[in-house]
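Each chain is listed here by its residues.
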Amino acid sequence: MITIGITGTIGAGKGTIVEYLVKEKGFVHFSVRDFITREIERRGMEVNRDSMTIVGNDLRAMHSPSYIVEQLYQQAQASGKNCIIESVRTPGEVAALRGKSNFYLFAIDADARTRYQRIVLRGSATDHISFDTFVSSEQREMTSTDPNKQNLKACIEQADFTFMNDNSIAELNDQVEEVLYKILK
């Protein structure tokens, strides 16, 4: 059994990689977004990017910087199958998962305008924002010295494999397939 964590910039294609791994390779998906969304709803808050950040940071501060991915990893282990944990956002989460056997961290990025167009099309509850808000939200999540807050830059730098997703889904899937071949070999 292998566990893949996925990190990356907003709208880069984390979900596209997840979809490929689930549909084509039989991976089981565990989502940080879904975990936090359930907590936001439990607290009676509006589901949006600000709430996601506030609640995610709060859960990490109350429990530990790796709390959310540790909960998801336990669920992944119980499945007994190859799993993907989406979306790793703090160095503490990376460190906790690095301590697990057969763990690999994937990072994905793409041009900012392309990513913004993708989130507009995706249209999830956290995606109804202007380009300027998109850029400022991402900048807020890119670096932090607080171990409970997002630091995408540090996570991306620690990736075992990095994907640039500026082209077609088929090309991204080919990149993922090449990496899987290396991992499973």
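Quick summary incoming for the structure in this document. Being a predicted model, the structure only gives us computed values, none of them experimental. (Residues numbered from 1 in each chain as written. Predicted model: local features only at pLDDT ≥ 70, side-chain atom pairs only at ≥ 80, totals over all residues. Heavy atoms only, no water.)

## Looking at the pairing of strand β1 (residues 3–8)
- Most of β1 is tucked away, with six of its six residues classed as buried.
- Burial along β1 is two-sided: the residues Thr-3, Gly-5 and Thr-7 and Ile-4, Ile-6 and Gly-8 are all buried.
- Bridge analysis of β1 against strand β3 (residues 83–86) gives four bridges, and the strand direction is parallel. Directly across from Ile-4, in β3, lies its bridge partner Ile-84.
- Of the pairings in the sheet, the one linking β1 to strand β4 (residues 103–109) comprises six bridges and is parallel in character. Residue pairing for β4: Ile-6 is matched across the bridge by Phe-106. (Buried < 20%, exposed > 50% of the residue type's maximum accessible area, 1.4 Å probe, protein only. Helix = DSSP H or I, 4+ residues; strand = E, 2+ residues; numbered from the N terminus. Pairing = 2+ DSSP bridges.)

## Looking at the side chain of Lys-14
- With respect to the secondary-structure elements, Lys-14 resides in helix α1 (residues 14–25).
- Look at Lys-14: it is buried, it has no salt bridge, and the nearest opposite charge is Glu-86 at 6.0 Å.
- Separated by 2.8 Å, the side chain of Lys-14 and the backbone oxygen of Thr-9 make a polar contact.
- Each residue touching Lys-14, except ones within four places of it in the same chain, is listed here: Ile-6, Thr-7, Gly-8, Thr-9, Glu-86, Ser-87, Arg-89 and Ile-108. (Lys, Arg positive; Asp, Glu negative; His and termini not counted. Salt bridge = Lys/Arg side-chain N within 4 Å of Asp/Glu carboxyl O. Polar contact = N/O pair within 3.5 Å; in protein donor to acceptor, adjacent residues only side chain to side chain. Contact = heavy atoms within 4.5 Å.)

## A word on helix α6 (residues 112–122)
- Restricting attention to buried positions, one finds in α6 the residues Arg-115, Tyr-116 and Ile-119. Angular distribution of buried residues about the axis of α6 spans 100 degrees; they occupy a single face of the element. For α6, the exposed residues lying more than 90 degrees away from the buried face are Gln-117 and Leu-121.
- Residues of α6 that are buried make contact with β4 and α7 (131–142).
- Of the residues that open α6, the one with a side-chain oxygen 3.1 Å from the backbone nitrogen of Arg-113 is Asp-111.
- Directly beyond the C-terminal end of α6, a positive phi value near 65 degrees is found at Gly-123. (Arc of directions from axis to C-beta.)

## Looking at the sheet that holds β4
- Reading across from one edge, β2-β3-β1-β4-β5 is the order of the five strands in this open sheet, with parallel pairing throughout. With one partner strand each, in any of the chains shown, β2 (28–31) and β5 (161–164) form the two edges of the open sheet. Between one strand and the next, the sheet's axes are offset by a mean angle of 25 degrees, whatever the strand orientation.
- Strands in contact with helix α9 (residues 169–184) are β1, β4 and β5; relative to β5, the strand with the most contacts, it is inclined by about 165 degrees. (Axes fitted to C-alpha atoms, helices over the stretch in contact; angles between N-to-C directions.)

## Observations regarding the pattern of salt bridges
- Counted by the stated rule, this structure contains 14 salt bridges.
- Between Glu-19 and Lys-23 there is a salt bridge; the shortest N-O distance is 3.4 Å. Residue Glu-19 and its partner Lys-23 are both found in helix α1; the two are separated by four residues, about one turn of the helix.
- Residue classification places Lys-23 among the exposed residues on the basis of a relative accessible area of 62%.
- In the salt-bridge network here, residues are joined through shared partners; they are Glu-39, Arg-42, Arg-43 and Asp-58.

Nothing here speaks to function; it is geometry throughout.
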